[in-house]
Amino acid sequence: MTDPATPQAGAPTAVPAQPGAPTEPAPTMPPPVPVAPAPPPGAIVLEKVTRWYGNVVAVNDVSFSVGAGVTGLLGPNGAGKTTILHMLAGLLRPSAGKVLIAGQPAWRNPAIYASVGLVPEREAVYDFLTGREFVEMSARLQKLPDTKGAAAKAIATVDLESVAGRRVGTYSKGMRQRVKIAGALVHEPPILLLDEPFNGMDPRQRLHMMELLRARAAAGAAILFSSHILEEVERLADRVLVINAGRLAAAGNYRQIRRLMVDRPHTFHVRSSDDRRLAAAFLAEPTVFGAELADGLLTVRVTEFSGFTRIVARVARDSGVSLFEVAPTDDSLESVFEYLTSRR
Amino acid sequence: MIFSQVASVTLRALVGRRRTVLMILLAAVPILVALLVRANTVGIAEVGQTLDGLVVRIILPLIALVFGTAALGMELEDGTGVHLLTKPISRLTIVLAKVGVAGALTAALVVPTTIIAAVLLARPFADVGALAISLAAGTLVGSFLYAAIFAALGVITSRGLIIGLGYALIWEGLLAGILPGSQIFSVREYVRGIVNTLSPDTIDSIVGSGAIVYAAIALVAAIGIAAYRLATYQVRGTD
């Protein structure tokens, strides 16, 4: 039973961008850097965008619009998240449709990079430069008036001052990630694109980075980051775009997405003191539409995950059966994505 | 400022690695050969032909191949190039800086080695000055032209090194000397033409002084193609 109260969540048309949800900069943050001009509501726009690789479709007729605030691009590996971010960064041509950055086409338009920062997923940074040299290079190529000052500020923002004089080749994965972010932030872009930004970071760095991104969003920046980890998106994103198999499976705030994920048909394995009697009792419940016994294992099919979890204990108690184990069978994120996609 | 920033990062990427040591060794070969010749003779008459066969045909394209493809193509392959591409800077500026550095490095190795080998090989009372200057000018132009061609190749294909090697050995090394009319499409012939224009006795040439025009056209074309391909560059292997 899906919730009819959120009909637009999976709508194929562009979902209007939500104004940045209230975010407060955490007290431990370095002072939030004032962001240049605030982006319009449609800072990032995809209009019916499709991208083919040969005869494989990587992104299929995707439309969305992202404004100020933090938006999470959630999906399993290979869903098309990187392809979308690369098209937004002007590094891939859309096979069909429009990709706009601040109203300008992203493809073949280097001028957009003055207002965009990209943090690519690949770790590659010039190994022979020091962290400071790398960020200063970014500042110089952005034609900033005070390259050293801007670089120092960006390095401080990502908390990398202590190793800024060391060659990037000696950096850990997390340090490389942060130096890339400093390079992308140095010109304080109103639009920030990050591909799996938390990969390789330890929990403390992750927290720090989330605070940093929230602060920039609060200052008016439009931030789009990809992730295959639900928990990251939950903690950071005001708005979530779910991508699976190249399609936009759902869009909305985290709570709406979460409900879609929970209120879906599900299968449980149940072990108890009397499986046969329990199966009969379950079948009398409206949320259960199937129960079968095979190899001493009771499999129960239910219409709704949370509905079943609410009744399971009561049904067992009423029929005098002791429950040993109740286990959902397919709670992987992949199956959730598949379900969301199949709803369309 | 943009040009010098891109150039200095490129220079640091290319110098100070095992690659540079190998290139210096390669560039030393003509000098070693000349020393061997010198140890047994007082010098040879065919200095131009000898250095054409050794330097212009083999050493120059190989060194330019390595620096030219490394300057741009390799950076795009290993992913560091993205940091350059996502900046509001002209793609032509990027190409000019890359070709400039790759060409200058190639010339820094090839031109001195050519001059030294020419001086060592020349017979007593030969016009060493004309010999050295003409060969230096020819290899200098050749360095930048080859660097531009190989830089363009590195943007066009991810297999720039191997395709460039095939082009250098098969087309420049073999076919262009044999097929009639093919000379106007051969960098080696341009180098010979420039040498011949400055010092007719050093080497013979089919294209002659026209080589300067051809070389200029080829250089502009290679840089233009590289800049266009870079402007429409699409990252490989996503998702």
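Residues numbered from 1 in each chain as written. Chains lettered and ligands numbered in written order. Predicted model: local features only at pLDDT ≥ 70, side-chain atom pairs only at ≥ 80, totals over all residues.

A.B. asks: Honestly, the overall build of chain B in this entry has me stumped. Any pointers?
C.D. replies: Across its full length, chain B holds 10 helices and zero strands. The linear arrangement of helices and strands in chain B, starting from the amino end, is α-α-α-α-α-α-α-α-α-α. Its C-alpha atoms give chain B a radius of gyration of 18 Å, near enough to 18 Å, the size a compact globule of 239 residues would have. Seen through its principal axes, chain B has C-alpha atoms that stretch 65 × 40 × 30 Å. Within chain B, the fraction of its 239 residues that count as buried is 50%. A separation threshold of at least 6 residues defines the contact pool for chain B, and within that pool the share at least 24 residues apart is 78%. (Helix = DSSP H or I, 4+ residues; strand = E, 2+ residues; numbered from the N terminus. Rg over C-alpha atoms; globule rule 2.2 N^0.38 Å. Buried ≥ 20, exposed ≤ 12 C-beta atoms within 10 Å, placed from the backbone. Contact = placed C-beta atoms within 7 Å.)

A.B. asks: For this particular structure, what's the right way to read unusual backbone geometry?
C.D. replies: Most peptide bonds adopt trans geometry, and most residues besides glycine take a negative phi value. All names here are of chain A. Even without glycine at this site, Ala102 takes up a positive phi of about 50°. Tracing the backbone shows Ala102 in the loop between strand E4 (96-101) and strand E5 (104-105). A tally of 20 C-beta atoms within 10 Å means that Ala102 is categorised as buried.

A.B. asks: What am I meant to see in the nonpolar core here?
C.D. replies: Core analysis: the biggest nonpolar cluster contains 162 residues, and Ile63, Ala148 and Ala151 of chain B have the highest contact counts within it. Those residues in contact with Ile63 of chain B that sit more than four places away from it in its chain are Met23, Leu26, Ala27, Thr106, Leu109 and Val110 of chain B. (Core = buried A, V, L, I, M, F, W, Y, C linked by C-beta atoms within 7 Å.)

A.B. asks: Explanation requested: the confidence of the model for chain A in the structure shown.
C.D. replies: Fine structural detail should not be taken from predicted coordinates in areas where pLDDT scores are low. Per-chain confidence: chain A averages 85 in pLDDT, with 84% of residues scoring 70 or above. Confidence drops under pLDDT 50 across residues 1-38 of chain A; counting only partners more than four residues distant or on other chains, this segment forms 80 contacts. (pLDDT = per-residue confidence, 0-100.)

A.B. asks: Help me understand the environment of Met23 of chain B, please; the structure alone is not making it clear to me.
C.D. replies: All names here are of chain B. The topology assignment puts Met23 in helix H2 (residues 18-40). For the pair formed by Met23 and Pro180, sequence separation is 157 residues and the distance between their alpha carbons is 33 Å. Apart from the residues lying within four places of it in its own chain, the contact partners of Met23 are Ile63, Val66 and Leu109.

A.B. asks: Whenever I open this one, the sheet that holds strand E13 (residues 297-302) of chain A confuses me. Can you help?
C.D. replies: Consider a sheet: its strands pair through backbone hydrogen bonds, and that pairing is either parallel or antiparallel. Residue and element names in this part refer to chain A. Ordered by their spatial adjacency, four strands build an open sheet running E12-E13-E11-E14, and the pairing between neighbours is antiparallel. Single-partner strands in this sheet number two, and they are strand E12 (288-294) and strand E14 (323-328). Averaged over neighbouring strand pairs, the angle between their axes works out to 20° when direction is ignored. Bridging between E12 and E13 involves six bridges; their strand directions are antiparallel. Opposite Ala291, over in E13, you have Val300 as the bridge partner. Across the sheet, helix H8 (residues 275-283) lies against strand E11 (266-272), E12 and E13, angled at about 165° from E12, the strand it touches most. Together, E11, E12, E13 and E14 form the strand contacts of helix H9 (residues 305-318), whose direction differs from that of E11 by roughly 20°. (Pairing = 2+ DSSP bridges. Axes fitted to C-alpha atoms, helices over the stretch in contact; angles between N-to-C directions.)

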